[in-house]
Amino acid sequence: MLQKPRGTRDFLPDEMEARRAVEWRLREVARRWGYREVCTPEFEDLELFTMRSGEGIIGEMYVFEDKGGRKLALRPEITAAVIRMYINEAKVAPKPLRWCYYADCFRYERPQKGRYRQFWQFGVELIGADSAIADAEVIMLASDMLNATGVRYDLKVGHLSFVKNLLKDVEPEIQRKIRAQLDKKDFEGLNLTLDSMNKPDLAESLTTLVACQDLNEAFEIAGAIPERERIEQTMGYLDAAKVKYSLNLGIARGLDYYTGIVFEGFADNLGAENQILGGGVYRLAHLFGGDDVASCGFAIGFDRVMVSLGESAGKKDTVAAIVCTPEARNRALDVAKAFRSAGIRTEMDLMGRGFGQQLAHAAKSAAFAVIIGQREVESSEVTLKNLQSGEQKTITLDAAVAEVVASGSRG
Ligand code: HAM
């Protein structure tokens, strides 16, 4: 028997309904903040992702050559593609641009719960606004979106300049290594790296910085940082808006294009793969042939949010099953139409089942049976049976539709 490729998933209707329900909550928050949906190709020129994504992601890419000999890659993330699109299509549009997307990405990672080779991101990119209030808006939106999903999480906000300032005399390759060690809280590895560079004295500043929860103290440890005012303003706005976050100046991010504020969200109830959101301020446009425009954005790991929500995600539709005799079928079609017009998921027997079998099947799949026999055809009424309580009554079609609509979702 053929199986799906490793690291991919099939989604059955229950799961798709739960996913769509959460997706629409995210879409609604994005809409309210003025972020409008864009869509980019599933694959791009390989170069788009090799320019500034960082080694980790480059090593995980699905790369292929098309029949014209072009080197292409399935998108491992969407930010680079969105910025390419901005340069191609919208360079002269009034700023800022507020864009969002919900799309799948591909990374050749070792699959496990919450880590897949095809996964979905709900992301936003704010392009062309270079200010503290812009950075704060994106973080407020991140917090609003995660709140809307119902997931329980911690939001950590940091800024790359603190660690960069402490490491300004260290060569870029080692800086990257140290930043990754700090991000993972691998202090043993960090000490080894610093020892090998003859800079053991940096260990204390770096480890204190990573644990630091007070911005003023962090500035004291890291020394003079040109972005200080902007950082203070951004955090000030977050505090004023009562965004729940904590400081983490050790955040390094896995992608190489970030330049300023960075932030990550972690679900409370997930294990190793608990990072459900990542983002920050970045500059990419100038690398792709555009002007050096400032941007800020984030992506929510949609699949991880769904794992975190578990069974609590989404409510099931109320289903009305039409149960009829063969003679009543034409009337049943009209009745089904009325229920569907009122927005109710309505199903009719297609298997030639007898009356009793139809009712037994309805009991497994529906909340209500709408029974139409000879008597109901003659009286132009329907018999509505609540399949949970067993209660049944013969009423007008309008009254039956109203009752099912009023019953709401089954939960
Ligand atoms: P990222 O942190 O690489 O950032 O990915 C964003 C989120 O996607 C992660 O926090 C995680 O929840 C989810 N994710 C990543 N890899 C996997 C996987 N293999 N399986 C399931 N979920 C995964 C970005 O991609 C940036 N483009 C975010 C951004 C937007 N920065 C600025 N704008």
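Residues numbered from 1 in each chain as written. Predicted model: local features only at pLDDT ≥ 70, side-chain atom pairs only at ≥ 80, totals over all residues. Heavy atoms only, no water.

With that settled, the discussion passes to helix α8 (residues 187-196). Those residues of α8 lying buried are Gly189, Leu190, Thr193 and Leu194. Seen end-on, α8 carries its buried residues on one side only, within an arc spanning 130 degrees. Exposed side chains of α8 directed beyond 90 degrees from the buried face belong to Glu188, Leu192 and Ser196. Residues of α8 that are buried in the fold lie against α7 (172-183) and α9 (202-211). Positive phi shows up at Asn198, right after α8, with a value of about 60 degrees. (Buried < 20%, exposed > 50% of the residue type's maximum accessible area, 1.4 Å probe, protein only. Helix = DSSP H or I, 4+ residues; strand = E, 2+ residues; numbered from the N terminus. Arc of directions from axis to C-beta. Contact = heavy atoms within 4.5 Å.)

For strand β12 (residues 319-324), a buried count of six out of six residues is recorded, marking the element as mostly surrounded by other parts of the structure. Bridge analysis of β12 against strand β13 (residues 345-348) gives four bridges, and the strand direction is parallel. Bridging from a neighbouring strand, Ala321 pairs with Glu347 of β13. A crossover links β12 with its parallel partner β13, the connecting element being helix α13 (residues 329-341), and its sense is right-handed. (Pairing = 2+ DSSP bridges. Right-handed = clockwise from strand over helix to strand, strands pointing away.)

Turning next to the domain arrangement of the protein. Here the protein is described as being made up of domain 1 (10-149 + 274-315), domain 2 (153-267) and domain 3 (319-410). Summarising the inter-unit geometry, the C-alpha centres of domain 1 and domain 3 are found 44 Å apart. (Domains from an automatic or database assignment.)

Let us look at the site of the ligand. Near the ligand you find 26 residues, and of these Glu77, Thr79, Glu109, Tyr258 and Gln275 are the closest. At a separation of 2.7 Å, a nitrogen atom of the ligand approaches a polar side-chain atom of Thr79. In the complex, the protein chains occlude 96% of the 660 Å² of accessible area that the ligand would expose alone. Secondary-structure elements contributing two or more residues to the shell around the ligand are β6 (118-127), β10 (275-282) and β11 (295-301). Classifying every residue of the shell around the ligand by side-chain character gives eleven nonpolar, eight polar and seven charged. (Near = heavy atom within 4 Å. Polar contact = N/O pair within 3.5 Å; in protein donor to acceptor, adjacent residues only side chain to side chain. Areas by Shrake-Rupley, 256 points an atom, 1.4 Å probe, with all protein chains shown as cover. Nonpolar A, V, L, I, M, F, W, Y, C, P; charged D, E, K, R; others polar.)

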